Structure formats: C-alpha cells, structure tokens
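For reference, the chains in residue letters:
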Amino acid sequence: MSSPPSTKTYTGGCLCKANRYEITTSSPLGIRVCHCLDCQKATGSAFMANIVLPQSEFRFTQGGTEDVLGSYTCSETLSGNEVIRRFCTKCGSPMYAGGAMSTEMVVIMTGTLDEPTELQPATEQFIKDRRSWLDEVKTEGIVRFNAMGV
Ligand SMILES: [Zn+2]
Ligand SMILES: [Zn+2]
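Every value quoted in this text rests on a predicted model; they were computed, and no experiment measured them. (Residues numbered from 1 in each chain as written. Chains lettered and ligands numbered in written order. Predicted model: local features only at pLDDT ≥ 70, side-chain atom pairs only at ≥ 80, totals over all residues.)

J.: I tried to follow unusual backbone geometry on my own but got confused; where do I start?
T.: Most peptide bonds adopt trans geometry, and most residues besides glycine take a negative phi value. Even without being a glycine, Lys17 presents a positive backbone phi close to 70 degrees. Structurally, the position occupied by Lys17 is in the loop between strand 1 (8-13) and strand 2 (20-25). Accessibility expressed as a C-beta count within 10 Å gives 13 for Lys17, which makes it partly exposed. In the Ramachandran plot, Phe126 falls in the positive-phi region, its phi being about 55 degrees despite a non-glycine side chain. You can see Phe126 is positioned in the loop between strand 10 (121-125) and strand 11 (143-144). (Helix = DSSP H or I, 4+ residues; strand = E, 2+ residues; numbered from the N terminus. Buried ≥ 20, exposed ≤ 12 C-beta atoms within 10 Å, placed from the backbone.)

Right under this line is the structure:
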C-alpha cells in the first residue's frame, strides 16, 4: 500500500536575513554535489551542494526584490545554457540559480537552508574536477558522474 506523498516545508535565507524563502514540496529532495570549476567560483568554496526543484515550490517570504537580491547572467557555462545566479546584495550569500531561457526549475544552494542536515546527497557530478584532498561522497545509493550529470 502506498500512502499519498506528504508535503514538507523547508525554510532558508541568506546570512544577513534580508532574503528569506520557503520551499514546500512533496518530492523527496536529494542534494546534488557539483565539483565543476564554475560552481567553485560561484560559491567561493571547493564545491556546490544544491537541490533542483520546480520554481512553483519555491517562494520568498522576505526580500527577493531587486534592492536585496542581485543577479548575474553567466553565458559561458559548461552546459552551454545561460544560467542566472542570484545572490544577496547585502551579505553576498549565493542564493539560487535558474536558467535564463526557462523559469520552470530553480537550483537552490543548500547552504542557505536553515536545517540542512536531514537532506542527503543523491548525486555527485564533475568528479573529474573534485579537489585532490576531498574524498568522494559516501551516502547510500549515490550516483556519480565524471562530468555533467542530471
Ligand atoms: Zn543577505
Ligand atoms: Zn557545477
């Protein structure tokens, strides 16, 4: 017997709290760890850990407006698709990214979640660019891609 999917709500925001958001979803969320060089630049760190979900499941509860949310359109991406990266203009936290052509999906930086510990990595991509001092992600059932995954 399968029960109907339960809806979960996650909250998050940038470091200075000027931007706050809420995710309401019935899909199980798996973190995508990306080691590509663009993600290293965009996060200013060794890798990006993000989740991809429909735009309709993501909404700002505070901020999200031009005075506190900046955007950068990156056209020289590895996939060839333009990506719009959004960040807090006050504290600089990377918030989320979306396609310039499609507004259907958003990519949320999981470091901005208030309680990120429950979510586990499901995929790891661009492992060819993983820093040499970093071990592979060892969650159960993880799917790895040498370059671009899903
Ligand atoms: Zn901020
Ligand atoms: Zn990447």
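J.: Honestly, the nonpolar core in this entry has me stumped. Any pointers?
T.: In a soluble, globular protein the nonpolar side chains are often hidden away together inside. Ranked by size, the top nonpolar core spans 24 residues in total, and within it Cys34, Phe47, Met48, Met95, Tyr96 and Ile108 carry the most contacts. Those elements that provide at least two residues to this core are strand 3 (31-34), strand 4 (48-54), strand 7 (83-88), strand 8 (94-99) and strand 9 (105-109). Sequence-distant contacts of Ile108, defined by excluding residues within four places in its chain, comprise Asn50, Ile51, Leu53, Phe58 and Tyr96. (Core = buried A, V, L, I, M, F, W, Y, C linked by C-beta atoms within 7 Å. Contact = placed C-beta atoms within 7 Å.)

J.: Got a minute to help me understand the sheet that holds strand 6 (residues 69-74) in this structure?
T.: Strand pairing in a sheet is mediated by backbone hydrogen bonds. Such pairs are either parallel or antiparallel. Ordered in space as 6-7-8-9-4-3-10-11, the eight strands form an open sheet in which the pairing is mixed. One side of each edge strand has no neighbouring strand; the edge strands of this open sheet are strand 6 and strand 11. (Pairing = 2+ DSSP bridges.)

J.: Hey, could you run me through the sheet that holds strand 1 in this one?
T.: Here three strands make up an open sheet; going across it, the order is 1-2-5 and the pairing antiparallel. Each of the sheet's edge strands pairs with one partner strand only, and the pair in question is strand 1 and strand 5 (58-62). Going across the sheet, the axis of each strand differs from the next one's by a mean of 25 degrees, ignoring polarity. Bridge analysis of strand 1 against strand 2 gives six bridges, and the strand direction is antiparallel. When the sheet's bridge partners are listed, Tyr10 is paired in strand 2 with Ile23. (Axes fitted to C-alpha atoms, helices over the stretch in contact; angles between N-to-C directions.)

J.: What is the right way to read the confidence of the model for the chain from this model?
T.: Do not read the fine detail of predicted coordinates wherever pLDDT is low. Overall, the predicted model of the chain reaches an average pLDDT of 92, with 95% of residues at or above 70. In the model of the chain, strand 8 stands out as the element of lowest mean pLDDT, 91, in contrast to strand 5, which has the highest, 97. (pLDDT = per-residue confidence, 0-100.)

J.: Which parts of the structure should I look at to understand the pairing of strand 9?
T.: Successive residues of a regular strand alternate their side chains across the two faces of the sheet. The sheet contact formed by strand 4 and strand 9 spans five bridges and is antiparallel. Bridged to Val52 within strand 9 is Val107. The pairing of strand 8 with strand 9 spans three bridges and is classified as antiparallel. Looking at strand 9, one finds that Ala97 is bridged to Val107.

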